[in-house]
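# Analysis of the macromolecular model
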Amino acid sequence: MFRNITLIALAVLCAGIMVSCKSTGENAGDTAVTTTVVENVVVSTVNEQVYYEKTGTVVVGDNLVTTYAFENGLKLVLLEDHSKPVVSVYMAYDAGTRHETPATSGLAHLTEHALYIGTHTIKPGQHDEIIKGLSEKLEQAEGTAKKAKSEPNAYTRDDYVMVYDFNLPSKELETALKLESDRMRNVLFNEDAFQFEKTRLMEEEGRNQVGLGTFLDELRATAYQSHPYGIALTMASGFRTNAEYLTIEDVKKFYNTYYQPDKCVLALVGDFNSEDALALANKYFGAIAKGPDVAEPPLYEPRQAGECRKVIPIPKKKNFILIGYHVPQYDHPDIYPLFVASRLVNIDAICDLAKDPGMFTVFAEFPIKENYMDAGNSIINELERLKSGEFNDDDLEKVKAEMSQMFTMKVAVAERPYFSLGPDLAIYELFGSVKYLEQFEEKVNAVTKDDIKRVANAYFTKENRTVLFAKGDASIKLKGRMGVELATDPVETAKANGLPVKAVVPGSPAEQAKLQAGDVITSIDTTVILKYEDLKSALENKFEGDVITVTYKRGEETLVTPVTLAPRDEE
């Protein structure tokens, strides 16, 4: 099955030229590997080297899933689905915000953005261009809807970072694996490219100043006194991450610590032959060196001693309320009845399936004139009825039936990655084992009415409760933000006399100034704009109603526009 192949072993360099290593697997044997160092890339010629062994098979819904472990610690999950001629690649890294401290909040998210600053062979932004360019091939594939697009993306959560390329034409699996293996260890930390991605992150956070995500951050910051789950994942008004203060060295250290094969699960789902996919994973990931040993930080959260309440004013014309209760980690026996309970209540509820003890959160929005204390009591009363079993058996069985079909209804490859099994396979294999998904339906179906009553009485207590009131106040002034991003090519940005506009955010002062992509901002009032920090400095003390003067270039023409700042988000 294996030929003489040339591997890009994207590893931390060693000084030796000759290396001898042992392989594992059915055809394992001692094999000499000759390595040649070219800059920071190790090119290895390997003779039928096998780096993996099969670890098991599980059934998730109607799908057969096979798992493998590599010598370097990488875990591989394969799920064949030939219903569409497409494949998807998901990589879950143990690099989430649980590895941050209050002083380094935003580090995990910023490091995720650093994946796009390029490698020795891929220029900044080129990874996305290559993956998106496969859409045309996908549209030509037989039986594939034209609206399905090849898309790359990534997102950061408390417990992991998910990196994915989905809806690839079946024959393009190797393209994605080659690209992802490259940036697993070969990201180049160019200062200009780093500043570009840092700017994108700040713009991303700035566009989500007041929403459910930021309210959840506020709730967790109040509920958690020690565990990093209380560190902000997003940036809210008055509640910020420290991403803007982090340096390229901070991110490089985090990347070299956590973006390693032994801290990663690679999940491949879709229209492929498993032997071929396994060979490709072996080719592009097998020779990457194992990362440094990292001691798991002591993550402990003391028992909450009493109810915590917090009221925050928000620039909205309505109120929000969130109530959270500490609950166990994802594989604790009580989490199954708690998860069912989240679907039994007649309000919006989320039960975390987190690696460490998480939160059961209920939330609602209500008119600004309504007393928010009364709204909170009505939500608490909804949970109280679970304690006494004030729900009928038919409702319980209906909820259990819906939940037991969660993984059966999901397909291996979908037009949106969140409706695919891929992320679930990667996440739970990263947590411990994909077998969790195989047992989930059985555990949910075993939940009884007495189980619901027991966990409700155990966890939905006043002492274990944290309440956040986000109280609408239309008089609050939001700071103005230009809503611009840097030019696509950070090298050209560094050469430019001003700050090139990549995109204009709808409703932003940039749109009010009639800026367009390609314009170059040269000054705000009397502040000369050469980089993002200049723009931030010019706007950080500006509020609704303030007038700023924007000077910019459009081609050879210099334009001057006064702008009266308006609130970004009134509803």
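Here's what I pulled together on the structure shown here. (Residues numbered from 1 in each chain as written. Predicted model: local features only at pLDDT ≥ 70, side-chain atom pairs only at ≥ 80, totals over all residues. Heavy atoms only, no water.)

### Digging into the overall build of the protein
How we decide: Each helix is a run of H or I in the DSSP string that is no shorter than four residues. Each strand is a run of E no shorter than two, and both are numbered from the N terminus. Only protein chains enter the accessibility calculation, which uses a 1.4 Å probe. A residue is then buried if its area is under 20% of the maximum for its type, exposed if over 50%, and partly exposed in between. In this description, contact between two residues means that some pair of their heavy atoms is separated by no more than 4.5 Å. Areas reported here follow the Shrake-Rupley algorithm with a probe of radius 1.4 Å; residue values treat only the protein chains shown as occluding.
The helix and strand tally for the protein stands at 18 helices and 21 strands. Within the protein, the proportion of its 571 residues that are buried is 54%. In the protein, the proportion of contacts linking residues at least 24 apart, taken out of those at least 6 apart, comes to 75%. Accessible area of the protein: about 25100 Å², with a carbon and sulfur share of 49%.

### With respect to the sheet that holds strand E9 (residues 151–156)
Under the convention used in this document: The pairing criterion for strands is at least two bridges between them, as found by DSSP. The axes used here are C-alpha line fits, helices contributing only the stretch in contact, and every angle between their N-to-C directions lies in the interval 0 to 180 degrees.
Spatially, the seven strands line up as an open sheet ordered E5-E6-E7-E11-E8-E10-E9, and their pairing is mixed. Whereas interior strands pair on both sides, the edge strands pair on one side only; in this sheet they are strand E5 (52–60) and E9. Ignoring strand direction, the axes of neighbouring strands in this sheet form an average angle of 15 degrees. With seven bridges joining them, strand E8 (residues 86–93) and strand E10 (residues 161–169) adopt antiparallel strand pairing. Bridging across to E10, tyrosine 90 finds its partner in tyrosine 164.

### Considerations on the nonpolar core
Applied cut-off: Buried Ala, Val, Leu, Ile, Met, Phe, Trp, Tyr and Cys residues that are joined via side-chain atoms within 4.5 Å together make up what is termed a nonpolar core.
If you look at the biggest cluster of nonpolar residues, it comprises 75 residues, and the most contacted ones within it are Leu266 and Leu268. In terms of residues, this core owes the most to one element, helix H8 (residues 274–285), which gives six residues. For leucine 268, the residues in contact, after removing those within four places along its chain, are Leu76, Val77, Leu78, Leu79, Ser88, Val89, Leu173, Leu177 and Ala277.

### Thoughts on the pairing of E10
Within E10, nine of the nine residues are buried, which leaves the element mostly enclosed by the surrounding structure. Strand direction decides the pairing type here: E9 and E10, joined by six bridges, are antiparallel. The residue bridging glutamate 151 from the neighbouring strand is phenylalanine 166, located in E10. Two successive antiparallel strands, E9 and E10, enclose a turn made up of four residues.

### Digging into helix H6 (residues 212–223)
Applied cut-off: Under the convention used throughout, the expected extent of a helix is 1.5 Å for every residue step, that is, one less than its residue count.
For H6, which comprises twelve residues, the first-to-last C-alpha distance of 16 Å matches the rise-based estimate of 16 Å (1.5 Å per residue) to within 8%. Within H6, nine of the twelve residues are buried, leaving the element largely enclosed by the surrounding structure. Among the residues making up H6, those that are buried are Thr214, Phe215, Leu216, Asp217, Glu218, Leu219, Arg220, Thr222 and Ala223. Against the buried residues of H6 lie strand E12 (308–314), strand E13 (318–327), strand E15 (358–367) and strand E16 (465–472).

### Section: the pairing of strand E21 (residues 557–564)
In the sheet, strand E20 (residues 547–554) pairs with E21 via eight bridges, with the strands oriented antiparallel. Bridged to arginine 554 within E21 is glutamate 557. Hairpin connection between E20 and E21: a loop of two residues separates the two successive antiparallel strands, and glycine 555 in this loop has a positive phi of roughly 70 degrees.

### A few points about a negative patch on the surface
Convention followed: Within the patch definition used here, like charges are joined within 9 Å and nonpolar side chains (Val, Leu, Ile, Met, Phe, Trp, Tyr) within 5 Å, considering only residues with over 30% relative accessible area and no salt bridge. By definition here, a salt bridge exists when the distance from a side-chain nitrogen of Lys or Arg to a carboxyl oxygen of Asp or Glu is within 4 Å. Counting rule applied: Lys, Arg positive; Asp, Glu negative; His and chain ends not counted. By convention, the point assigned to a charge is CZ for Arg, NZ for Lys, CD for Glu and CG for Asp.
A contiguous patch of negative charge, built from Glu191, Asp192, Glu249 and Asp250, is present on the exposed surface. Put simply, the parts of the chain that give the negative patch at least two residues each are helix H5 (191–206) and helix H7 (248–258). Along the chain, the position of glutamate 191 falls in helix H5.

### Here we look at the pattern of salt bridges
Pairs can form between side chains of opposite charge whenever their charged atoms are close. Per the counting criterion, the structure on display carries 21 salt bridges. As a salt-bridge pair, arginine 309 and glutamate 307 come within 3.1 Å of each other at their nearest N and O atoms. What makes glutamate 307 partly exposed here is its relative accessible area of 25%. Here the salt bridges do not stand alone but share partners, grouping Arg98, Asp159, Glu296 and Asp356 into one network.

### Here's the deal with the packing of helix H9 (residues 335–344) against helix H14 (residues 435–445)
Going by this rule: Here the angle decides the label: under 35 degrees means roughly parallel, over 145 means roughly antiparallel, 65 to 115 means roughly perpendicular, and every other value means oblique. By definition, any crossing whose near helix is turned counterclockwise from its far helix by less than a right angle is left-handed, and any crossing with a clockwise turn is right-handed. Ten residue types, Ala, Val, Leu, Ile, Met, Phe, Trp, Tyr, Cys and Pro, are classed as nonpolar, four, Asp, Glu, Lys and Arg, as charged, and the remainder, Gly among them, as polar.
As a packed pair, H9 and H14 sit with axes 10 Å apart at the nearest point and diverge in direction by 70 degrees. By the angle class used here, H9 and H14 are roughly perpendicular. Where H9 crosses over H14, the handedness of that crossing is right-handed. Counted together, Ile335, Tyr336, Phe339 and Val340 of H9 and Tyr436, Phe440, Lys443 and Val444 of H14 form the full contact between these two elements. Per-class residue counts for the contact of H9 with H14 are seven nonpolar, no polar and one charged.

### Some points on helix H13 (residues 422–431)
Across the ten residues of H13, ten count as buried, placing the element largely inside the fold. The complete set of buried residues in H13 reads Gly422, Pro423, Asp424, Leu425, Ala426, Ile427, Tyr428, Glu429, Leu430 and Phe431.

### So, the environment of tyrosine 52
Checked against the element boundaries, tyrosine 52 lands in strand E5. Look at tyrosine 52 and you get buried, because its relative accessible area is 9%. Taking C-alpha positions, tyrosine 52 is 6.1 Å from glutamate 71, a pair spaced 19 residues apart along the chain.

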